Amino acid sequence: MKQRFLGRTGLRVSELCFGAMMFGSGADEATSHRMLDTFTEAGGTFIDTADMYGRGVSEEVLGRWLKGRRRDELVIATKVFATMSDAPNAGGLSRKHIVSAVEASLRRLGTDYIDLYQTHVWDATTPIEETLATLDTLVKAGKVRYLGASNISGAQLQKALDVARARDWEPYSCLQPLYNLLAREIEWELLPLSAAEGVGVIPYSPLQGGWLSGKFRRGMANPPEGARGSGAWERRNTEETWQVVDALLEIADDTGHTPAQVALRWLLQRPGVTAPIVGARSVEQLSDNLGAVGWELTAEQHERLTKVSARPLPYPYDVLAYYPGREPRTGPRTDFS
């Protein structure tokens, strides 16, 4: 597995990140540890979790696996925001909650530091200055190495970056958004903004809850039993979705790879993407996802998937796409019509 720089930082991470959301719930501890062994044996170094996954259980399962391993060879990411108890300050991005949450995550992970600490959701009730100042102190104290954000709009990310720059605080270096062949909205603002600001991008749900894994196929009367994406059946059961799935299955046959591998490969070859986050409930499922590395879609195959998954742009993105730019002005403008 190749290593990539996380945005403009000097931090190298594996081109796939292993998401630990299922640890202790969708996968028992023994299975979770076998999956971690499989991932690292394949060259994976980047692991993502969150305090809210299982109310801390995921971090605890990961922490027990970390014991006895070379901690500095791994990049461990977790998140803060979720309400972790009934106490009035047990959630959000206030100074009080962040300081308490990072200490709890460190204890559960059994480590002295967190490589990437991410705000899980934008907190509209807390001033961004309070959140960023607190995160900056964690970096300066050595408890956190880098900062990231998830589930945030383009305007919110830009504001956070501008505030950090103006105050000389540690900025967000990473964005964790929803991004896949069926969810491409980050291309409107977040992806170009991240590229311009040097922010790494680690997409979650790259297979859209199984819709891009080969489990869902045109002509099905009902969603597959047990599939994570079954709850979106009414919304996703459309001609637009099936056109994407059809193309995905055809390219999978042409390449000799599974649909999941092709969907992940498309993301791996998208400009600005650092490392898609793959989640799994079994070693077999993870091993299939790992088959997304070590090969490439042809330009024609990549373009076909990009075109078939494109959707009409809403305003003002449709206008901006129609007028992408003009030649630089070389002299004073005289025609203002």
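Per an unreviewed UniProt entry, the protein carries the name Aldo/keto reductase and comes from Streptomyces kanamyceticus.

Caption draft 1: Region of interest: the pairing of strand β8 (residues 172–176). Taken across its 5 residues, β8 has 5 buried, putting it largely inside the fold. Sheet topology places strand β7 (residues 144–150) next to β8; 4 bridges connect them, and they run parallel. From the neighbouring strand, S150 faces β8, where its bridge partner is Q176. Taking the sense of rotation as the criterion, the β-α-β connection linking β7, helix α5 (residues 154–167) and β8 turns out right-handed. Bridge count for β8 against strand β9 (residues 200–201) is 2 bridges, and the pairing is parallel. The partner of L175 across the bridge, within β9, is V201. At this point the chain moves from β8, through helix α6 (residues 190–197), to the parallel β9, and the crossover so formed is right-handed.

Caption draft 2: Structural view of the sheet that holds strand β5 (residues 75–80). Pairing within the open sheet is parallel, and its 8 strands lie in the order β9-β8-β7-β6-β5-β4-β3-β10. Looking at which strands have only one partner, the edges of the open sheet turn out to be β9 and β10 (277–279). As defined by bridge partners, strand β3 (residues 17–19) adjoins strand β4 (residues 46–48) across 3 bridges and the pair is classed as parallel. Along β4, the bridge assignment pairs F18 with I47.

Caption draft 3: View of helix α11 (residues 299–308). Regarding α11, the residues found buried are Q301, H302, L305, T306 and V308. Contacts from the buried residues of α11 go to α8 (239–255) and α9 (259–268).

Caption draft 4: Representation of the packing of α8 against α9 in the model. Across the interface, α8 lies against α9 with an axial gap of 8 Å and an inter-helix angle of 100°. Relative to α9, the element α8 lies roughly perpendicular. Counted together, L248, L249, I251, A252 and T255 of α8 and P259, V262 and A263 of α9 form the full contact between these two elements. Classifying every residue of the contact of α8 with α9 by side-chain character gives 7 nonpolar, 1 polar and no charged.

Caption draft 5: Highlighting the nonpolar core. With 84 residues, the main nonpolar core has F18, Y117, L132, Y172 and L305 as its most contacted residues. Counting residues per element, this core draws most heavily on α8, which supplies 8 residues. What Y117 contacts, discounting residues up to four positions off in sequence, is T78, K79, V80, I98, A101, V102, L135, L138, V144, Y146, L147 and G148. Membership of the second largest hydrophobic core comes to 12 residues, among which are L11, F46, I202 and I277.

Caption draft 6: The UniProt feature "domain: NADP-dependent oxidoreductase" (unreviewed entry) in the protein, seen in detail. According to UniProt, the "domain: NADP-dependent oxidoreductase" (unreviewed entry) feature falls on residues 15–308. The distance separating the terminal C-alpha atoms of residues 15–308 is 25 Å; by composition the span is 41% helix and 12% strand.

Caption draft 7: Expanded view of the pattern of salt bridges. By the definition in use, this model includes 15 salt bridges. As a salt-bridge pair, R108 and E59 come within 2.6 Å of each other at their nearest N and O atoms. Taken together, the positions of R108 in helix α3 (residues 95–109) and E59 in helix α2 (residues 57–66) put the pair 49 residues apart, joining distant regions of the chain. Here R108 matches E59 in class, with each residue buried. Taking the shortest distance from any N to any O, the salt bridge between E103 and K143 comes out at 2.2 Å. Placement of E103 in helix α3 and of K143 in the loop between α4 (128–140) and β7 is noted, with a sequence separation of 40 residues between them.

Reading the values: the criteria
- Residues numbered from 1 in each chain as written.
- Predicted model: local features only at pLDDT ≥ 70, side-chain atom pairs only at ≥ 80, totals over all residues.
- Heavy atoms only, no water.
- Buried < 20%, exposed > 50% of the residue type's maximum accessible area, 1.4 Å probe, protein only.
- Helix = DSSP H or I, 4+ residues; strand = E, 2+ residues; numbered from the N terminus.
- Pairing = 2+ DSSP bridges.
- Right-handed = clockwise from strand over helix to strand, strands pointing away.
- Contact = heavy atoms within 4.5 Å.
- Axes fitted to C-alpha atoms, helices over the stretch in contact; angles between N-to-C directions.
- Parallel < 35°, antiparallel > 145°, perpendicular 65-115°, else oblique.
- Nonpolar A, V, L, I, M, F, W, Y, C, P; charged D, E, K, R; others polar.
- Core = buried A, V, L, I, M, F, W, Y, C linked by side-chain atoms within 4.5 Å.
- UniProt positions renumbered as here; feature names shortened; annotations may be inferred.
- Salt bridge = Lys/Arg side-chain N within 4 Å of Asp/Glu carboxyl O.

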